[in-house]
Amino acid sequence: MLDPKLFRTELDYVTEQLARRGFAFDAEAYAELESRRKDVQVRTQDLQNERNSRSKAIGQAKAKGEDIQPLMDQVQHLGDQLRQAENELAEIQSSITAMLEYIPNILDVSVPDGKNEDSNVEISRWGVLPKFDFTPKDHVDLGARNKRMDFELGAKLSGARFVVLNGALARLQRAIIQLMLDTHTGEHGYSETYVPYLVNADSLRGTGQLPKFEADLFKADGNPPLYLIPTAEVPVTNIVRDVILDAKELPLKRVCHSPCFRSEAGAYGRDVRGMIRQHQFEKVEIVQVVRPDDSERAHEELTRHAEVVLEKLNLPYRRMLLCAGDTGFSSAKTYDLEVWLPGQGVYREISSCSNFKDFQARRLQARWRNPETGKPELVHTLNGSGLAAGRTLIAVLENYQDAEGRIRIPEALLPYMGGLEYIE
RNA sequence: GGAGAGGUGGCAGAGUGGUCGAAUGCGCCGGACUCGAAAUCCGGUUGACUCUUCGGAGUCACGAGGGUUCAAAUCCCUCCCUCUUCGCCA
């Protein structure tokens, strides 16, 4: 959520910035709503003030044993007026909140213009693309051997976009997750966290998935309803919801492995083949909560932490700076890491590292006490995939295949594979 | 799932219709005393919001939401959560 004050003082600036995303903000409607709010709020508070002082007078009169009936007569109609004003105010305020909740974050100045992913800017490239003296297979063909990657079984058990991994492939995914967790806890200073995979609506509102993106979520009925997490970002970032952190608690750095559940409502027909886009996948998420002044540096650092994993696995990748139109709703600036997939001859997203600045923090009411001011102020939140484990598995398969369709285990994963060097 | 108890400030814990944003203790911050510290004493110590002639004035919040009342932490209803206990269970 953006700062409502910004809309009062910098309406033109906000409108202009939102336009970069292709978001048409109705400044006129907002200004109209805001001026009504002001009127009604002042009126409501005046009435409340009157009620309070008169009630107090009645109390005092009664204590002295005076006749309170004349005083009671005076306040007879106050209640109705007040109730009406309060209802009107509540209505206006919820309209304003509803409007604000659907407005995306303002982009960082360094984010390039552009409508879609074609305008993303390549920042850097790492690794040497593997050369094959045969035509490299994609992960679906490689995984089909011995039915280690079984989409038919996934469909039987659950439906489309689910998969079953067997034997060495299941273990390989676990090894990948272990490497990531060990790297981030052992070398990058993150603390490992285990969280619920079902969360409430407040948590999803806090990180920005609700109310706008409910269709992308799996909902579990109940009272209250719960949602399967689309990413560990939701529970992990919500650790600081409604918390005033001490300055010395920052930066807060957490790493969390979890499954992620996405209904992929907006992706019918995209990536239907293979494990690229599933309703359920494993991911290791890194999250930082930092002082506002530190977030830009933290964003670079966190992105590096994700890159290190790719480098340990010797997987070629490139870093992309997302353009205005491709940057997510809550993010001010996002780097995507794209890994080379030789089976398809393309780079594919394997990590997304975002700086949300105070956008999530405002929704979360996540603050820290700034020692310089002594006041609670909003923190900045960041997160990144470090990395998507399912897609990392794909990348390992495709990059480490040989002519016979065997997979060599990357050196960094050998300690986790129990002596296995090849998947035959 | 059954039964019972309870949710109040950073923590503990009073408050059962009015002068209660809330006693008291602890903690924390500042000051006094001291060479310094401890002890002791004094003062301070929730957050959000609105208006403003920038001096200040006011509103909201006691798990959440609704209701009764001139007036609700306090009474009523619904829900959520925690604890104890029985059952079941990885």
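Keep in mind that this is a model prediction, so the values were computed, not measured.

1. Brief notes about unusual backbone geometry
Line of reasoning, step 1. In this structure, Pro211 follows Leu210 across a cis peptide bond, with omega equal to 5°.
Line of reasoning, step 2. Summarising the element assignment, Pro211 is placed in the loop between α9 (201-207) and β6 (219-220).
Line of reasoning, step 3. Pro251 follows Leu250 through a cis peptide bond whose omega is 0°.
Line of reasoning, step 4. Assignment of secondary structure puts Pro251 in the loop between β8 (243-245) and β9 (252-261).

2. Considering the protein's contact with RNA strand B
Line of reasoning, step 1. The environment of RNA strand B is formed by 22 residues, the closest being Arg8, Gln41, Gln48, Arg51 and Ser55.
Line of reasoning, step 2. Note that a base oxygen of RNA strand B is positioned 3.0 Å from one of the side-chain N or O atoms of Lys62.
Line of reasoning, step 3. Here a phosphate oxygen of RNA strand B sits 3.1 Å away from a polar atom, N or O, in the side chain of Arg369.
Line of reasoning, step 4. Where the surface near RNA strand B is concerned, the elements lending two or more residues are α3 (27-63) and β14 (366-369).
Line of reasoning, step 5. For the surface near RNA strand B, the leading source of residues is α3, giving 13 residues.
Line of reasoning, step 6. Here the surface near RNA strand B is built from residues that sort into 6 nonpolar, 8 polar and 8 charged.

What counts and how
Residues numbered from 1 in each chain as written. Chains lettered and ligands numbered in written order. Predicted model: local features only at pLDDT ≥ 70, side-chain atom pairs only at ≥ 80, totals over all residues. Heavy atoms only, no water. Helix = DSSP H or I, 4+ residues; strand = E, 2+ residues; numbered from the N terminus. Near = heavy atom within 4 Å. Polar contact = N/O pair within 3.5 Å; in protein donor to acceptor, adjacent residues only side chain to side chain. Nonpolar A, V, L, I, M, F, W, Y, C, P; charged D, E, K, R; others polar.

Spatial relationships are all this shows, so hold off on functional conclusions.
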